[in-house]
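Remarks on the overall topology
Each chain, letter by letter, is given below.
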Amino acid sequence: MMMAGWMASKIKSIAGSRSIRTSTTLAEELRDVPSLPGSLEESLNALEADHKFLLKGDVFTEDVIELWINYKRKNEVDAVRMRPHPYEFQLYYDI
C-alpha cells in the first residue's frame, strides 16, 4: 500500500478541459492509453518487462521479484488457464 501511495504522489494529474467531447475526439485521446493485461501470464510478462518502480525505496529486490514471477508461472498460470472463468461457467454450464 505504501508503494501505491508513493506512485500516486509521483503521477501528475492533468485536468481536462470542460469542453464537450465527441466519440471521435475521445477515441483519439484514448488511443495511446495502455490497456490492462488479459491474463495472469500477460500480467507476469508485463511485470517482468517493467518492475523498476518496485525497486525504488528498497521495498523489493530483483531476487524477490524474479522468485515471485517464477513461482506464479510454475504453480498458477496453467492452473488458471485450464479452468473456465466463472462467467464462462455461467454461460455454458449454469441451468
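Each value, and the rule that gives it
Residues numbered from 1 in each chain as written. Predicted model: local features only at pLDDT ≥ 70, side-chain atom pairs only at ≥ 80, totals over all residues. Heavy atoms only, no water. Salt bridge = Lys/Arg side-chain N within 4 Å of Asp/Glu carboxyl O. Helix = DSSP H or I, 4+ residues; strand = E, 2+ residues; numbered from the N terminus. Buried < 20%, exposed > 50% of the residue type's maximum accessible area, 1.4 Å probe, protein only. Phe/Tyr/Trp six-rings, centres within 6.5 Å; stacked < 30°, edge-to-face > 60°. pLDDT = per-residue confidence, 0-100. Contact = heavy atoms within 4.5 Å. 1 Å grid on protein atoms, 1.4 Å probe; cavity = no way out; pocket = protein on both sides within 12 Å on 5 of 7 lines; lining within 4 Å. Points joined across faces, edges and corners; volume = space filled by probe spheres on them. Polar contact = N/O pair within 3.5 Å; in protein donor to acceptor, adjacent residues only side chain to side chain.

Applying the stated criterion across every chain yields a total of four salt bridges. Across the salt bridge formed by Lys 72 and Glu 76, the nearest N and O atoms sit 2.9 Å from each other. Of this pair, Lys 72 and Glu 76 both sit in helix α5 (residues 62-81), four residues apart, roughly one helical turn. You can call Lys 72 buried: its relative accessible area is 16%. Using a relative accessible area of 24% as the deciding quantity, one classes Glu 76 as partly exposed. Connected via shared salt-bridge partners are Glu 41, Asp 78 and Arg 81.

Attention now goes to the packing of aromatic side chains. Two measures describe an aromatic ring pair: the distance that separates the ring centres and the angle between the ring planes. Summed over the entire model, instances satisfying the criterion amount to one aromatic pair. Aromatic side chains Phe 89 and Tyr 93 sit 5.3 Å apart centroid to centroid with 40° between the ring planes, which places their arrangement in the tilted category. By relative accessible area, which is 46% here, Phe 89 ends up partly exposed.

A separate point is the confidence of the model for the protein chain. For the protein chain, per-residue confidence averages 81 on the pLDDT scale, and 77% of positions sit at 70 or higher. Counting interchain partners and residues more than four positions distant, the pLDDT-below-50 stretch residues 12-17 has one contact.

Comment: phi is negative for the bulk of residues other than glycine, and the bulk of peptide bonds are trans. In this structure, Asp 58 takes a positive phi of about 55° despite not being glycine. Inspection of the secondary structure assignment puts Asp 58 in the loop between α4 (52-55) and α5. By relative accessible area, which is 74% here, Asp 58 ends up exposed.

This part covers the layout of surface pockets. Roughly 190 Å³ of volume is contained in the largest pocket. The wall of the largest pocket is formed by Gly 38, Ser 39, Leu 40, Glu 41, Val 77, Val 80, Arg 81, Arg 83, Pro 84 and His 85. Of all the elements in the fold, those that place two or more residues in the lining of the largest pocket are α3 (40-49) and α5. By residue number, the principal contributor to the lining of the largest pocket is α5, which donates three residues.

As for its position among the elements, Glu 42 is in helix α3. For Glu 42, a relative accessible area of 43% puts it in the partly exposed group. From its side chain, Glu 42 meets the backbone nitrogen of Gly 38 in a polar contact 2.7 Å long.

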